[in-house]
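In case you want the letters, here they are:
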Amino acid sequence: MVIDTHCHIHDSEFYPENREDVYRQSRDAGVVMLCIGTTVRSSREAVAFAETHEGCYAAVGIHPHDGKDEDVAGIRQLLEEGHKKIVAIGEIGLDYFYEHSPRDVQRQLLHDQLALAQEFNLPVSFHVRDAYDDFWPIFDSFSGIRGIMHSFTDTQHNLEQGLKRGLLVGINGISTFTKEESQQRLYTEVPLEKIVLETDAPFLTPKPFRGKMNLPAYVGLVARHQAALKGVRVEDVEQATTDNAERVFGKMT
Ligand SMILES: [Zn+2]
């Protein structure tokens, strides 16, 4: 049993036809999935998918890319409906690398959704790219926020900043193909008790399936790569990351 803490398998935009096949294949591989929303529409799809598929849970939130076209009221509405399978807010954060939405819009949206995380006492899946300097002050203006730094590829400094605040590190297929030495060192050195596994499917397909669409089923490849890097058994990586994920999101397996 292994938990993919970040996938988009529910999203009709990314898996128009073969969603059920992808789901079946991933369940057959023993994967529990956290389906992450990126818009109000996709958050609602995540909830509907989780409610009709065993072994799936949902996170609701607006991705920083989509900030300019979205309204947090739609996320609040979903939370107020009281769906039991909603276990997190996400993915939310700041993305100054692509900057698809203006920075001030992104910051306001992050702030408003952290307020929801606090109000509904839910952990958060964070997407932060080239923006940690602006991220920490907003994060620190709240108390008791817990969660994951999804797809973390930032500096050692920001890794330490996150760990110090109790955040965990989401490791995905990038770890299997990055050639950057500083990245490899980070993936090797970050301790097992601070990581969770994810795929970000359909994106970031791990080796040896580069060029194909990613599936939650491939999260095992990320686990295997972590085991090799850290010199431990795959079973130990799977057990530790499952325990870590369940400490943040609650019982999922
Ligand atoms: Zn994602």
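Position numbers for residues count from 1 along each chain, tracking the sequence in the order it is written. With the structure being a predicted model, the display of local features is reserved for residues of pLDDT at least 70 and the display and counting of side-chain atom pairs for 80 or more, all residues being used for whole-chain, interface and lining totals. Remark: hydrogens and water are excluded; side-chain values derive from all non-hydrogen atoms of the structure.

## Regarding the UniProt feature "binding site: a divalent metal cation 1" (unreviewed entry) in the protein chain
Turning to step 1, where the next piece is worked out: UniProt positions are given in the numbering used here, feature names are shortened, and annotations may be inferred rather than shown by experiment. Annotation from UniProt places "binding site: a divalent metal cation 1" (unreviewed entry) at His6, His8, Glu91 and Asp200. Sequence-wise these annotated residues cover 195 residues; spatially they are packed, their C-alpha atoms never more than 10.8 Å apart.
Turning to step 2, where the next piece is worked out: Secondary structure follows DSSP: runs of H or I at least 4 residues long count as helices, runs of E at least 2 residues long count as strands, and numbering of each begins at the N terminus. As for its placement among the helices and strands, His6 is situated in strand 1 (residues 2–7).
Turning to step 3, where the next piece is worked out: Two residues qualify as a contact provided that any one of their heavy atoms is within 4.5 Å of a heavy atom in the partner residue. Excluding residues that lie within four positions of it along the chain, His6 makes contacts with Leu34, Ile36, Glu91, Ser125, His150, Glu198, Thr199, Asp200 and Ala201.
Turning to step 4, where the next piece is worked out: Of note is the side chain of His6, whose polar atom sits 3.1 Å from the side chain of Glu91.
Turning to step 5, where the next piece is worked out: Position of Asp200 relative to the elements: it lies in the loop between strand 8 (195–197) and helix 9 (219–230).
Turning to step 6, where the next piece is worked out: Think of it in three bands: residues with accessible area under 20% of the maximum for their type are buried, residues over 50% are exposed, and the middle band is partly exposed, with areas taken using a 1.4 Å probe on protein chains only. For Asp200, a relative accessible area of 8% gives the class buried.
Turning to step 7, where the next piece is worked out: If sequence neighbours within four positions are ignored, Asp200 has contacts with His6, Cys7, His8, Glu91 and His150. Any pair of N or O atoms that falls within 3.5 Å is considered a polar contact. Within protein, one atom must be able to donate a hydrogen and the other to accept it, and sequence-neighbouring residues count only if both atoms are side-chain atoms.

## Side note on the environment of Ile195
Turning to step 1, where the next piece is worked out: Mapping Ile195 onto the fold places it in strand 8.
Turning to step 2, where the next piece is worked out: By relative accessible area, Ile195 is classed as buried at 0%.
Turning to step 3, where the next piece is worked out: Distance in space between the C-alpha atoms of Ile195 and Ala245 is 8.4 Å, their sequence separation being 50 residues.
Turning to step 4, where the next piece is worked out: Excluding anything up to four places from it in sequence, Ile195 contacts Val169, Ile171, Val190, Gln226, Lys230, Thr241 and Asn244.

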